[in-house]
Amino acid sequence: NKATGQALERTLDTTYIPTRDDVFRVVANAYAESTDQRWQLQLSGGGYRLLCVSNRGIGLHKTAESYENIPGANYVMAVDTNAPPQQTWIVEDAGEGYVTLKNDLREQTGGHDLPQYLAVTQDAYTEISGSFVVAAIAERDTDRALWKLEKVPGTGEPDPEPLDPFEPVENVVADAQTMLEP
């Protein structure tokens, strides 16, 4: 994240919905060699699902619940479900190597009807020292909504092998009738 220099991380904290053990809090935290900070982008209906590499069933999910400290914002969690459009994020180039991650699901949240962007809030996440809560906010033009995407080895499917140069082959059928007979 441009504002904090931190990485997006899925925590093991399931207290957001205490009755479910598959809804995890997401924070911005200091970079570490952790698969909980590695996310795979998977094409999904006009955007991408961001899947946590430590468990590829868990996707970045914008909830319907308003984030109380920011008008027009919603909580973002990591959830073990495939729930478009809550889990569909559009990657937009923001310049200087940064992108925004936009969720276009428009919820009437606090009177706002705008797309929302994944951003680091100014609220500390008290369970991990130095980390911050992440939310979907209606403001795009802030360093808190700017992210860098980096290809990290071991985060997804292997890179495809390079293809051999293609050489066209002429296909000539001398007798079409013979080709049709059993």
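Just so you know, these numbers come straight off a predicted model, no measurement behind them.

### So, the pattern of salt bridges
1) Next: Scanning the model with the defined rule gives 8 salt bridges in all.
2) Next: In this structure, the salt-bridge partner of Glu92 is Arg140, at a minimum N-O distance of 3.3 Å. Taken together, the positions of Glu92 in strand S7 (residues 90-95) and Arg140 in the loop between strand S10 (131-137) and helix H1 (176-180) put the pair 48 residues apart, joining distant regions of the chain.
3) Next: Arg140 gets classed as partly exposed once you look at its relative accessible area, which sits at 27%.

### Some details on the confidence of the model for the protein chain
Keep in mind that low pLDDT regions are not for reading the predicted coordinates in detail.
1) Next: Per-residue pLDDT for the protein chain has a mean of 83; in total, 80% of the residues score no lower than 70.
2) Next: In this model, residues 171-182 is a region of pLDDT below 50 whose contacts with residues beyond four sequence positions or in other chains number 1 contact.

### Details of unusual backbone geometry
1) Next: Positive phi is not limited to glycine here, since Glu96 has a value of about 55°.
2) Next: On the secondary structure map, Glu96 appears in the loop between S7 and strand S8 (98-103).

### Re the environment of Tyr16
1) Next: For Tyr16, the location among the structural elements is in the loop between strand S1 (7-10) and strand S2 (23-29).
2) Next: When the C-alpha atoms of Tyr16 and Tyr75 are compared, they prove to be 9.7 Å apart, with 59 residues separating the residues in sequence.
3) Next: Contact partners of Tyr16, with chain neighbours within four places excluded, come to Val23, Arg25, Thr63, Glu65, Tyr75 and Met77.
4) Next: Of note is the side chain of Tyr16, whose polar atom sits 2.5 Å from the side chain of Glu65.

Basis of the calculations
- Residues numbered from 1 in each chain as written.
- Predicted model: local features only at pLDDT ≥ 70, side-chain atom pairs only at ≥ 80, totals over all residues.
- Heavy atoms only, no water.
- Salt bridge = Lys/Arg side-chain N within 4 Å of Asp/Glu carboxyl O.
- Helix = DSSP H or I, 4+ residues; strand = E, 2+ residues; numbered from the N terminus.
- Buried < 20%, exposed > 50% of the residue type's maximum accessible area, 1.4 Å probe, protein only.
- pLDDT = per-residue confidence, 0-100.
- Contact = heavy atoms within 4.5 Å.
- Polar contact = N/O pair within 3.5 Å; in protein donor to acceptor, adjacent residues only side chain to side chain.

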